[in-house]
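# Topology and contacts: notes
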Amino acid sequence: WQDKSWVVGLERAGFAKAYDWNGLQQQRIISDVLGGEPLLLALASDNVSFAAVSRRVGEKVLTFRYANRQLTDVETGSVWTWRGRCVAGPLRGRQLAPLPAVQEFW
């Protein structure tokens with residue numbers, strides 16, 4: 001990264017990490033674990049708005065993929081919004097817990 005690179009920053013349980021904005025724009029989603037919390041960064045279709053959410057649903061940790069302009073979890077095939085709300089499939093109506101994240105310059 002260069003000085004003034006655009007990043008998304010998260011802090012969890014005393015751990016902090018920055019995620020490259022350009023990488024998020026290319027991949028649309030980034031899955032990671034920070035401070036023991038499995039997280040998902042997701043980019044909205046406007047290419048500007050983003051959300052950071054926990055990947056936990058109850059005791060289960062979900063794995064996500066983005067294909068054909070849809071965000072789905074591998075475990076159930078449920079369809080999710082970029083803000084972590086399930087809109088179709090077995091988990092319909094569930095909401096992933098939001099995590100505080102900020103967009104800033106490196």
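Residues numbered from 1 in each chain as written. Predicted model: local features only at pLDDT ≥ 70, side-chain atom pairs only at ≥ 80, totals over all residues. Heavy atoms only, no water.

## Notes on the sheet that holds strand S12 (residues 101-105)
Ordered in space as S2-S1-S12, the 3 strands form an open sheet in which the pairing is antiparallel. Among the strands making up the open sheet, the edge pair consists of strand S2 (15-20) and S12. Across the sheet, the mean angle separating the axes of adjacent strands is 30° when strand polarity is ignored. (Pairing = 2+ DSSP bridges. Helix = DSSP H or I, 4+ residues; strand = E, 2+ residues; numbered from the N terminus. Axes fitted to C-alpha atoms, helices over the stretch in contact; angles between N-to-C directions.)

## Some words on the sheet that holds strand S10 (residues 79-80)
Read across the open sheet, the 4 strands follow the order S8-S9-S10-S11; overall the sheet is antiparallel. In this open sheet, the two edge strands, each paired with only one partner strand, are strand S8 (64-67) and strand S11 (86-88). Examined bridge by bridge, strand S9 (residues 70-73) and S10 share 2 bridges and lie antiparallel to one another. Each bridged residue has a counterpart across the sheet, and for Leu71 the counterpart in S10 is Trp80.

## Digging into the packing of aromatic side chains
Counted by the stated rule, this structure contains 3 aromatic pairs. An angle of 55° between the planes, with centres 4.5 Å apart, marks the rings of Trp6 and Phe105 as tilted. Separated by 99 residues along the polypeptide, Trp6 in strand S1 (residues 6-12) and Phe105 in strand S12 bring together distant segments of the chain. The partly exposed category is assigned to Trp6, whose relative accessible area is 31%. (Phe/Tyr/Trp six-rings, centres within 6.5 Å; stacked < 30°, edge-to-face > 60°. Buried < 20%, exposed > 50% of the residue type's maximum accessible area, 1.4 Å probe, protein only.)

## Some remarks on the nonpolar core
Ranked by internal contacts, the top residues of the largest apolar core, which has 13 residues, are Val8, Leu10, Tyr19, Leu24, Leu39 and Leu41. Counting residues per element, this core draws most heavily on strand S4 (residues 37-43), which supplies 3 residues. Once residues lying within four places of it in the same chain are set aside, the contact partners of Leu24 are Val8, Ile29, Ile30, Leu41, Leu43 and Phe50. Membership of the second largest hydrophobic core comes to 12 residues, among which are Ala42, Val53, Val57 and Phe64. (Core = buried A, V, L, I, M, F, W, Y, C linked by side-chain atoms within 4.5 Å. Contact = heavy atoms within 4.5 Å.)

## What to know about the pattern of salt bridges
Evaluated as defined, the whole model comprises 3 salt bridges. Close ionic contact of Lys17 with Asp32 constitutes a salt bridge, the shortest N to O distance being 2.7 Å. Here Lys17, found in strand S2, pairs with Asp32, found in strand S3 (residues 29-34); they are 15 residues apart in sequence, far enough to count as distant. Judged by its relative accessible area of 37%, Lys17 is partly exposed. Among the charged side chains, a network of salt bridges with common partners joins Arg12, Glu37 and Arg56. (Salt bridge = Lys/Arg side-chain N within 4 Å of Asp/Glu carboxyl O.)

## Examining the pairing of S3
As judged from the 6 bridges shared by S3 and S4, these two strands associate in the antiparallel manner. Across the sheet, residue Leu34 finds its bridge partner in S4, namely Glu37.

## Considering the environment of Thr72
By the element assignment, Thr72 lies in strand S9. In this structure, the C-alpha to C-alpha distance between Thr72 and Ala88, residues 16 residues apart in sequence, is 9.4 Å. Once residues within four sequence positions are removed from consideration, Thr72 is found in contact with Thr63, Phe64, Arg65, Gly77, Ser78, Val79 and Trp80.

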